[in-house]
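Letter by letter, the chains look like this.
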Amino acid sequence: MKNIFLFTLLILFTFPICAQTTDTLIVGYKISPPFVTSSNGRLVGPSVWLWEHIAQENELNYKYVQFPLDSLLSGLSKGSIDIGISPLTMTSERAEHFYFSYPYYIAHSSLMQREYSSLRQAFDFVRSFFSLNFLRALGALAFVILIFGLLAWLFERRENREEFGKGVHGLWSGFWWSAVTMTTVGYGDKSPRTTGGRIIALVWMFTAIIIISGFTAGIASALTVNQIGSSNSRIEDFKEKKLGTIANSGTDEWLKNNFYTRRTAARGIPELIEALEWSVVISENELD
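Residues numbered from 1 in each chain as written. Predicted model: local features only at pLDDT ≥ 70, side-chain atom pairs only at ≥ 80, totals over all residues. Heavy atoms only, no water.

K.L.:
Would you mind showing me how to read the overall build of the protein here?
P.N.:
Within the protein, the regular secondary structure consists of ten helices and twelve strands. Here the protein holds 288 residues, and 40% of them are scored as buried. For the protein, the proportion of contacts with a sequence separation of at least 24, taken over those separated by at least 6, is 69%. (Helix = DSSP H or I, 4+ residues; strand = E, 2+ residues; numbered from the N terminus. Buried < 20%, exposed > 50% of the residue type's maximum accessible area, 1.4 Å probe, protein only. Contact = heavy atoms within 4.5 Å.)

K.L.:
What should I look at first to understand helix 1 (residues 46–57) in this one?
P.N.:
Side chains three or four residues apart in an α-helix point the same way, a direct result of the helix having 3.6 residues per turn. Between the first and last C-alpha of helix 1 there are 17 Å, a value that for twelve residues agrees with the 16 Å anticipated at 1.5 Å per step. Those residues of helix 1 that fall on the buried side of the exposure criterion are S47, V48, W51, E52, I54 and A55. Along the axis of helix 1, the buried positions cluster into a sector of 160°, meaning they face one direction only. Exposed side chains of helix 1 directed beyond 90 degrees from the buried face belong to W49, Q56 and E57. Looking at the residues trailing helix 1, positive phi occurs at E59, about 55°. (Expected span 1.5 Å × (residues − 1). Arc of directions from axis to C-beta.)

K.L.:
I would appreciate a short explanation of the pattern of salt bridges in the present structure.
P.N.:
Two side chains of opposite charge can pair, provided their charged atoms sit close to one another. In this structure the tally under the stated criterion is three salt bridges. Linking R193 and E162 is a salt bridge whose minimum nitrogen-to-oxygen distance equals 2.5 Å. With R193 in the loop between helix 7 (167–182) and helix 8 (195–229) and E162 in helix 6 (residues 161–164), this residue pair connects regions lying 31 residues apart in the sequence. For the salt bridge of E163 with R193, the shortest nitrogen-to-oxygen distance reads 3.1 Å. You can see E163 sitting in helix 6 and its partner R193 sitting in the loop between helix 7 and helix 8, a full 30 residues away along the chain. Accessibility expressed as a relative area gives 12% for E163, which makes it buried. Taken together, the shared-partner salt bridges connect E162, E163 and R193 into one network. (Salt bridge = Lys/Arg side-chain N within 4 Å of Asp/Glu carboxyl O.)

K.L.:
Just to check I follow, could you spell out helix 2 (residues 69–78) for this structure?
P.N.:
Taken residue by residue, helix 2 has L69, L72, L73, G75 and L76 as its buried positions. Along helix 2, the residues classed as buried sweep out an arc of 160° about the axis, all on the same side. Across helix 2 from its buried face, at more than 90 degrees, point the exposed residues D70, S77 and K78. Once helix 2 finishes, G79 follows within two positions and takes phi at roughly 90°, a positive value.

K.L.:
How should I be thinking about the packing of helix 5 (residues 132–156) against helix 7 in this particular structure?
P.N.:
Two measures define how a pair of helices packs: the angle their axes make with one another and the distance between the axes. Relative orientation of the contacting elements helix 5 and helix 7 amounts to 115°, with a least axis distance of 7 Å. Between helix 5 and helix 7 the crossing geometry is right-handed. For the pair helix 5 and helix 7, the contacting residues are L141, A142, I145, L146, F148, G149, L150, A152 and W153 in the first and G167, G170, L171, G174, F175, W177, S178, A179 and M182 in the second. Tallied by class, residues from the contact of helix 5 with helix 7 come to 13 nonpolar, five polar and no charged. (Axes fitted to C-alpha atoms, helices over the stretch in contact; angles between N-to-C directions. Left-handed = near helix turned anticlockwise from the far one by under 90°. Nonpolar A, V, L, I, M, F, W, Y, C, P; charged D, E, K, R; others polar.)

K.L.:
Any chance you could explain the nonpolar core here in plain terms?
P.N.:
Across soluble globular proteins, nonpolar side chains have a tendency to be buried as a group. If you look at the biggest cluster of nonpolar residues, it comprises 15 residues, and the most contacted ones within it are L141, V144, I145, F148, W177, M182 and W204. Among the secondary structure elements, those contributing two or more residues to this core are helix 5, helix 7 and helix 8. Broken down by element, the residue count for this core peaks at six residues, all from helix 5. (Core = buried A, V, L, I, M, F, W, Y, C linked by side-chain atoms within 4.5 Å.)

K.L.:
Any chance you could explain the packing of aromatic side chains here in plain terms?
P.N.:
Two measures describe an aromatic ring pair: the distance that separates the ring centres and the angle between the ring planes. All chains considered together, the criterion is met by six aromatic pairs. When the centroid spacing of 4.2 Å and the interplanar angle of 25° are considered together, the rings of F148 and W204 count as stacked. Of the two residues, F148 is situated in helix 5 and W204 in helix 8; the sequence distance between them amounts to 56 residues. Taking relative accessible area as the criterion, F148 reaches 15% and is therefore assigned buried. What links up through ring pairs into an aromatic cluster is the set Y29, W51, Y62 and Y64. Here the guanidinium or amino end of R157 rests over the ring plane of W153, the centre of that ring lying 5.5 Å away. (Phe/Tyr/Trp six-rings, centres within 6.5 Å; stacked < 30°, edge-to-face > 60°. Lys NZ or Arg CZ within 6 Å of the ring centre and 35° of its normal.)

K.L.:
Hey, could you run me through the side chain of S178 in this one?
P.N.:
Within the secondary structure layout, S178 lies in helix 7. In this view, S178 contacts I145, F148, G149 and W204; residues no more than four positions away in its chain are not counted.

K.L.:
Explanation requested: the confidence of the model for the protein in the structure shown.
P.N.:
Caution is warranted with low-pLDDT regions, since their predicted coordinates should not be read in detail. Model confidence for the protein is summarised by a mean pLDDT of 76, while 74% of its residues fall at 70 or above. Note on residues 1–21: pLDDT is under 50 here. Beyond four places in sequence and across chains, it has 83 contacts. Below pLDDT 50 for its whole length, residues 283–288 participates in 40 contacts with residues either more than four positions away or in separate chains. (pLDDT = per-residue confidence, 0-100.)

K.L.:
Even after reading the chapter, I still don't get unusual backbone geometry, so can you show me in this structure?
P.N.:
Of all residues except glycine, most have a negative phi; of all peptide bonds, most are trans. Here the bond from P33 into P34 is cis, since omega is 0°, no more than 30 degrees from zero. Among the secondary structure elements, P34 is positioned in the loop between strand 3 (24–29) and strand 4 (37–39). For N40, which is not glycine, the phi torsion reads 55° and is therefore positive. Within the secondary structure, N40 is located in the loop between strand 4 and strand 5 (42–44). Of the residues examined, N40 reaches a relative accessible area of 81% and is grouped as exposed. If you check the backbone angles, T184 has positive phi at about 55° while not being a glycine. When you line up the elements, T184 lands in the loop between helix 7 and helix 8. The class for T184 is exposed, based on a relative accessible area of 66%.

Rendered as structure tokens:
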């Protein structure tokens, strides 16, 4: 996800600024460090400095009034507040009701996720051996080995009884020979002697070279699918996870519009950090 956050000075004038305005403008704000903060009882920060420079140049009378974010937005919408200087995300819905200045700071979404210990990572790796994908790959490989072992046993069971034998024991010997041949271990304890058995062995040798790479890749993929799935390199990796974000923020709106249904809204960053005890959290650099 690539959301661009526009930290703006929100100026709501439905009339031209007059140099000799005598009305006192209500300037609403919400403490949002570092853009709007308090120092020694006085508001400071880039948004404050920018607004005061504008007010000074245009000889405007104003007074600061602090509001919660929801009250600030509703006050701007109703006209009880003239100007808002808190950092805000410019969304399509807000753009229909408010005028935004040009952005002077652009930031991207940030994502926080609880860090897993080495023990947890090792446990996840071991658990991948019991995943359905791994068992499927292992079962398919065993089936192919069994087929060629069975064919070799059918040719060798009568003329090579000392190595392949009869019944279940002989079938296991064929399976063992097939596995040893495929892995090119070459113990030499069992080898086909009949013409049919050697033809099967020759076919299996070349076939094994081709299919072993495919099965090895399949097994490796099954073993690492959990790590790949948890790499979280894209926002889509969190589609099925529980997410948290700032209520009424641009990120919250984006998640809603893109069908991230497992999400919860918080009032601020501290609440999101606390929520990491039980969930994955996606947040943004502004509290809007």
